[in-house]
Structure formats: structure tokens, C-alpha cells
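# Topology and contacts: notes
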Amino acid sequence: MAGRIAYRILFALTLLSAVAGCGYRLESGTALFRNPSVRMDVPPFANRSATPDAGAVAAARFREELRRSGFRGTFGNIGANYLVEGTVREVRSDLFSHGADRFSLENRLTLVVDIRVVEVVRGGVLWKESGLTETASFFSGTDAQYTEANRRAAFEQVVRRMAVRLSQTLRVLL
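Residues numbered from 1 in each chain as written. Predicted model: local features only at pLDDT ≥ 70, side-chain atom pairs only at ≥ 80, totals over all residues. Heavy atoms only, no water.

## Regarding the overall build of the chain
When helices and strands are tallied, the chain shows three helices and six strands. Starting at the N terminus, the α and β elements of the chain follow one another as α-β-β-α-β-β-β-β-α. Of the contacts formed within the chain by residues at least 6 apart in sequence, a portion of 65% connects residues at least 24 apart. (Helix = DSSP H or I, 4+ residues; strand = E, 2+ residues; numbered from the N terminus. Contact = heavy atoms within 4.5 Å.)

## Side note on the packing of aromatic side chains
With the rule as written, the count across this model stands at three aromatic pairs. Ring centres of Phe71 and Phe75 lie 5.3 Å apart, and the angle between their planes is 40°; this geometry places the pair in the tilted category. (Phe/Tyr/Trp six-rings, centres within 6.5 Å; stacked < 30°, edge-to-face > 60°.)

## Notes on helix 2 (residues 54–68)
In an α-helix, one full turn covers 3.6 residues, which means residues spaced three or four apart are oriented alike. For helix 2, built from 15 residues, the straight-helix expectation of 21 Å at 1.5 Å per residue is met to within 8% by its first-to-last C-alpha distance of 21 Å. Along helix 2, the residues classified as buried are Ala54, Gly55, Val57, Ala58, Ala59, Phe62, Glu65 and Leu66. At the C-terminal side of helix 2, Gly70 shows a positive phi close to 115°. (Expected span 1.5 Å × (residues − 1). Buried < 20%, exposed > 50% of the residue type's maximum accessible area, 1.4 Å probe, protein only.)

## Some details on the environment of Ala154
Counting through the fold element by element, Ala154 comes out in helix 3 (residues 144–173). For Ala154, a relative accessible area of 2% corresponds to the buried category. Along the primary structure Ala154 and Thr135 are separated by 19 residues, whereas in three dimensions their C-alpha atoms are 8.3 Å apart. Excluding residues within four positions of it along the chain, Ala154 makes contact with Leu109, Ala136, Ser137 and Phe138.

## Considering the environment of Glu85
Positionally, Glu85 belongs in strand 4 (residues 82–98). Sequence separation between Glu85 and Ala59 is 26 residues, and the spatial gap between their C-alpha atoms is 9.1 Å. Ignoring sequence-local partners within four residues, the contact set of Glu85 consists of Asp114, Ile115 and Arg116.

See below:
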């Protein structure tokens, strides 16, 4: 009985080493993502929020994150294989906590984005999602510069998180 188990284990190890020796390896569906001939158009996202540069910053961080996560293609609208259209629908700050003097201490910044990825050659929508949200907290005080600096840092944080999320999803799709 013990001999049969040892024989099966030995057979399985031999099979695995033979498969590995052939150069076969398990890989996720990222071959197209890493293909240098792929061209992607990622224009600045439309901005429907009160934050002046929200759409441009979101698209720039998304392009940076695509590069960071392994995208080897190029960006540009001429001859693009994929078009990524985004809309920053909202950037809002909500009161999260306040002190005894009734001034806000902590706020929560929320970014709401709509995204659509179109395969240009076939004309089909590859991915479409509305209302994607990311949040981050920031502290506020009586000094307006302190509060605005913290708000801007929170904005950068939520945009970076959203870019990572979008990049990861696009990596799986391609």
C-alpha cells in the first residue's frame, strides 16, 4: 500500500518536472497587456466635479499605474487598439467627526468615477462601469491652508487607489 502511494507521488513529480522542462508555465491572461504593439488612447477624463483638475489628474495617474503594473504598449489616439473614456462624476467631502467646539475634525473625501473601455477595431465595449467609488479621510482645522493641504493629499490618495483598481481590472480584461 505504501509502495503504491510512493509510486503515485513519484509519477506526479515526474509529470510536473516534464511539463516544466518543456517551457510550459502558468500565466494569467496578460499577454496582450504586455505586448508592446498595443496602443491605448487614454485622454483626460471628463470632469463633472467641482475640483478643477480632477479629470486630468485621474487619467494621468491611470496611465502611470498602467505602466507600473506592466503595460508595455504605447499611449496615443492615432491607431489606438483601445479607447479608455472616463468621467469624474463627483468629488465630495463629508463631515466624519467633529470636536466639542462643533468644528469638523475629520472629513471623508469620496471620488466617483464612470469608466468605459472600447475595443476600437471591433467597435465593441470591452468594459463599462458606473459609480466606482474610493474614499479617504483627512483632518481639518481652523487654518484653511492646513485643511486644504490635507484635502489635496486625500484627493491624491483616492485618485491613486482608483487608478490601481482600474489598472488591475484592465489587466485582467486584456
